[in-house]
Amino acid sequence: MRLVTMAAIAATGLGAAGAAAQEDFVIPDTVAATATQLADTGLESDLAWNILESLTTEIGPRLGGSEAEARARDWGVQMMNELGFENVRIETFEMPYWTRGEMAASITSPFPQNVAATALGGSASTPQGGLTGEIVFFESFDALLEAPAGSLDGRIAYVNDRMVRAMNGSGYGPANRKRGLGWLEAQARGAVGLVIRSVGTDSHRMPHTGNMSRPTPRSVEQGAVSDVAAAYLQEAYPDFANEPAQSQIPAIAVSAPDADQIERIHAMGETIQMHIHTTGGWQEDTVSGNVIGEIPGRELPDEIIVIGGHLDSWDEGTGAVDDGAGVAITVAAARLIADLPRNPRRTIRVVLFGSEEVGLLGGFDYASRYADSLGDHVLASESDFGAGRVWRFSSSVSDEGTAAMDQVGRILAPYGVVRGDTSGGGGGPDIIPMAMQGVPTFRLEQDGTDYFDLHHTPDDTLDKVDPAALAQNVAVWAATVYLAAELEVDFRTPDEQDGHD
Ligand code: ZN
Ligand code: ZN
């Protein structure tokens with residue numbers, strides 16, 4: 001009964017939208033039936049689970065640039081070959097390589113005790129024996145930005161900024177500012193270290209790691225950093241246009257309960273001293289790479305639909321939800337499509353991106369390597385928001401393509417998916433470099449209510465994944481990607497075609 005009601009609601013909404021835009025696009029009955037059949041098969045399929053179990057068990061943690069990530073690439077090649085993908089290959093690229101090393105942190109005064117902490121990606125190591133300093137407490141990242149130059153000399157900046165739980169993850173961006181450029185703002189004001197409340201929504205003693213940002217002259221021009229930091233960059237990193245500025249201070253995240261502890265002691269009016277010891281830092285440059293496999297199109301093999309997830313993970317968990325799930329979902333969906341009696345019209349290219357966590361390096365390498373053929377990339381999307389159910393379908397395509405996607409949305413409705421935005425939806429992190437070059441995108445948005453409980457923690461492990469939710473992802477990905485590859489519709493806007501033809 002519930003499914004029938006949802007379909008009826010979706011149909012009403014789409015009818016109104018379609019009338020305002022243009023005539024309804026018609027999906028041929030046989031094509032629609034095949035899409036529904038694919039989705040029904042996906043709901044019953046355990047293929048994604050088996051892929052995810054294999055990756056998280058046989059490879060485990062796979063930090064971008066590490067030997068484990070190289071093993072994951074070999075695993076990916078073998079897995080795609082066994083599943084019958086064509087043109088399976090690894091495309092490597094060089095990258096800067098950071099490793100975590102050892103980590104210990106404690107409050108030394110007024111109430112001595114250890115805290116659960118982890119280094120942020122890109123953190124500098126502490127001096128031999130660690131460093132001890134007084135905490136300067138900032139309730140928010142914005143409060144840190146208001147501190148004058150020199151005001152943190154010899155001390156440790158602490159930034160609180162709690163993350164708000166939300167189904168679409170909208171609390172992440174605001175809370176993540178302190179992780180991205182907190183190091184620079186603290187260092188520019190004289191701080192010898194940065195401590196942040198973990199960017200996450202759980203209340204467990206699990207610190208969340210994640211990459212720190214490196215400013216570019218362009219981002220500085222666009223106002224990404226404060227005036228204090230901008231002036232400091234010019235002075236301390238005169239060559240930062242060519243060599244991205246890296247943190248010279250240790251930057252760590254403490255778990256939520258430990259952040260609560262610091263907050264309480266601060267509220268008592270006490271001066272807090274902390275000790276930090278971390279040996280993380282930059283190593284020699286290393287190699288990462290993308291793993292690619294294809295289902296060649298039967299009529300338009302040069303027209304590419306890119307889907308995928310990222311193969312790397314942070315080093316502390318086994319990367320089940322971030323992003324083993326995305327790898328498993330998109331590979332399994334493509335495999336279901338390959339099982340059809342004949343391939344769809346366009347080529348489906350599955351890309352398992354390398355080194356996403358440490359700067360979208362695989363996404364950027366892909367976009368530059370295929371710069372000449374991006375005009376033939378008709379659609380792209382990455383699954384990288386955990387393993388929760390897909391609940392909304394958004395797209396950013398031509399008007400004609402939008403009308404077709406509205407009808408795709410009607411086919412997805414019985415599987416619990418509503419139609420979402422039709423512009424600026426974005427296709428996932430590794431798709432950004434392609435989308436910046438005009439490749440149209442879609443997104444199967446997942447319920448991320450619990451995603452940031454696990455995100456970038458040691459707790460990101462297979463047992464957190466619900467097999468039924470994973471299968472629902474496969475179902476809607478298989479139907480959507482099949483329709484995108486089969487329908488006679490142009491997803492690119494006319495301008496972009498003129499530019500590339
Ligand atoms: Zn991810
Ligand atoms: Zn991540």
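Now for a description of the structure that goes with this document. (Residues numbered from 1 in each chain as written. Chains lettered and ligands numbered in written order. Predicted model: local features only at pLDDT ≥ 70, side-chain atom pairs only at ≥ 80, totals over all residues. Heavy atoms only, no water.)

### Re the sheet that holds strand β3 (residues 113-115)
Alright, step 1. Strand order in this open sheet of eight strands is β3-β2-β9-β5-β6-β7-β8-β4, and the pairing throughout is mixed. The open sheet terminates on both sides in strands that have one partner only, identified here as β3 and β4 (117-119). Sheet twist, expressed as the mean angle between neighbouring strand axes with direction ignored, is 30 degrees.
Alright, step 2. Here strand β2 (residues 103-109) runs beside strand β9 (residues 273-278); their pairing, made up of six bridges, is antiparallel. Note on β9: the bridge partner recorded for Ala104 is His277.
Alright, step 3. Strands β6 (156-159) and β7 (193-197) of the sheet are contacted by helix α6 (residues 172-188), whose axis makes an angle of about 150 degrees with β7. (Pairing = 2+ DSSP bridges. Helix = DSSP H or I, 4+ residues; strand = E, 2+ residues; numbered from the N terminus. Axes fitted to C-alpha atoms, helices over the stretch in contact; angles between N-to-C directions. Contact = heavy atoms within 4.5 Å.)

### Remarks on the coordination of the zinc ion (ligand 2)
Alright, step 1. The protein atoms that coordinate the zinc ion (ligand 2) are Asp322 (OD), Glu357 (OE), Glu357 (OE) and His456 (NE2), at distances spanning 2.0 to 2.4 Å.
Alright, step 2. Classification of the site at the zinc ion (ligand 2) rests on its four donor atoms, whose angles at the metal span 58 to 143 degrees, yielding the label irregular.
Alright, step 3. All donor residues of the zinc ion (ligand 2) come from one chain, and their arrangement in sequence is D-x34-E-x98-H.
Alright, step 4. Between the zinc ion (ligand 2) and the zinc ion (ligand 1), the interatomic distance is 3.3 Å, and Asp322 donates to each metal, bridging them. Taken as a pair, Glu357 in the loop between β12 (346-353) and α11 (361-369) and His456 in the loop between α14 (451-454) and α15 (467-486) lie far apart in primary sequence, 99 residues in all. (Donors = N, O, S within 2.8 Å, 3.2 Å for Na, K, Ca; no water. Tetrahedral: all angles 85-135°; square planar, octahedral: opposite > 155°, others 65-115°.)

### Here we look at the layout of surface pockets
Alright, step 1. Estimates place the volume of the second largest pocket at around 290 Å³.
Alright, step 2. As for the second largest pocket, its lining consists of 17 residues, and the residues nearest its centre are Gly388, Asp447, Asp450, Tyr451 and Lys464.
Alright, step 3. Here the lining of the second largest pocket takes three residues from α14, the largest share from any one element.
Alright, step 4. Class assignment for the residues of the lining of the second largest pocket results in seven nonpolar, four polar and six charged. (1 Å grid on protein atoms, 1.4 Å probe; cavity = no way out; pocket = protein on both sides within 12 Å on 5 of 7 lines; lining within 4 Å. Points joined across faces, edges and corners; volume = space filled by probe spheres on them. Nonpolar A, V, L, I, M, F, W, Y, C, P; charged D, E, K, R; others polar.)

### Topic: the packing of aromatic side chains
Alright, step 1. Throughout the structure, instances matching the rule amount to 10 aromatic pairs.
Alright, step 2. Ring centres of Phe385 and Phe452 lie 5.9 Å apart, and the angle between their planes is 65 degrees; on these two criteria the pair is classed as edge-to-face. Here Phe385, found in the loop between β13 (377-382) and β14 (390-396), pairs with Phe452, found in helix α14; they are 67 residues apart in sequence, far enough to count as distant. Across this residue pair, the class does not change: Phe385 and Phe452 are buried.
Alright, step 3. Relative to Trp477, the ring of Phe442 has its centre 5.6 Å away and its plane inclined at 55 degrees; by these criteria the two rings are tilted. Remark: Trp477 occurs in helix α15 and Phe442 occurs in strand β16 (residues 441-446); sequence separation between them is 35 residues. In terms of burial, Phe442 and Trp477 fall into one category: buried.
Alright, step 4. Taken together, the aromatic side chains of Tyr172, Phe385, Tyr451 and Phe452 make up a single cluster linked through ring pairs.
Alright, step 5. Just above the ring of Tyr370 sits the side chain of Arg349; from NZ or CZ to the centre is 4.7 Å. (Phe/Tyr/Trp six-rings, centres within 6.5 Å; stacked < 30°, edge-to-face > 60°. Buried < 20%, exposed > 50% of the residue type's maximum accessible area, 1.4 Å probe, protein only. Lys NZ or Arg CZ within 6 Å of the ring centre and 35° of its normal.)

### Considerations on empty space enclosed by the protein
Over the atoms a probe the size of a water molecule is rolled, and this reveals where empty space is left.
Alright, step 1. Under the defined criterion, the tally for this structure stands at one cavity of 30 Å³ or more.
Alright, step 2. The volume enclosed by the largest cavity comes to roughly 50 Å³.
Alright, step 3. Its residues assigned to classes, the lining of the largest cavity comprises one nonpolar, five polar and three charged.

### Digging into the coordination of the zinc ion (ligand 1)
By definition of the ideal shapes, four donors in a tetrahedron about a metal sit 109.5 degrees apart, and six donors in an octahedron sit 90 or 180 degrees apart.
Alright, step 1. His310 (NE2), Asp322 (OD), Asp384 (OD) and Asp384 (OD) make up the full set of protein donors to the zinc ion (ligand 1), lying at 2.0 to 2.5 Å.
Alright, step 2. In the primary structure, the donors to the zinc ion (ligand 1) are separated according to the pattern H-x11-D-x61-D.

From the geometry alone we can't say anything about function, so treat these as descriptive.
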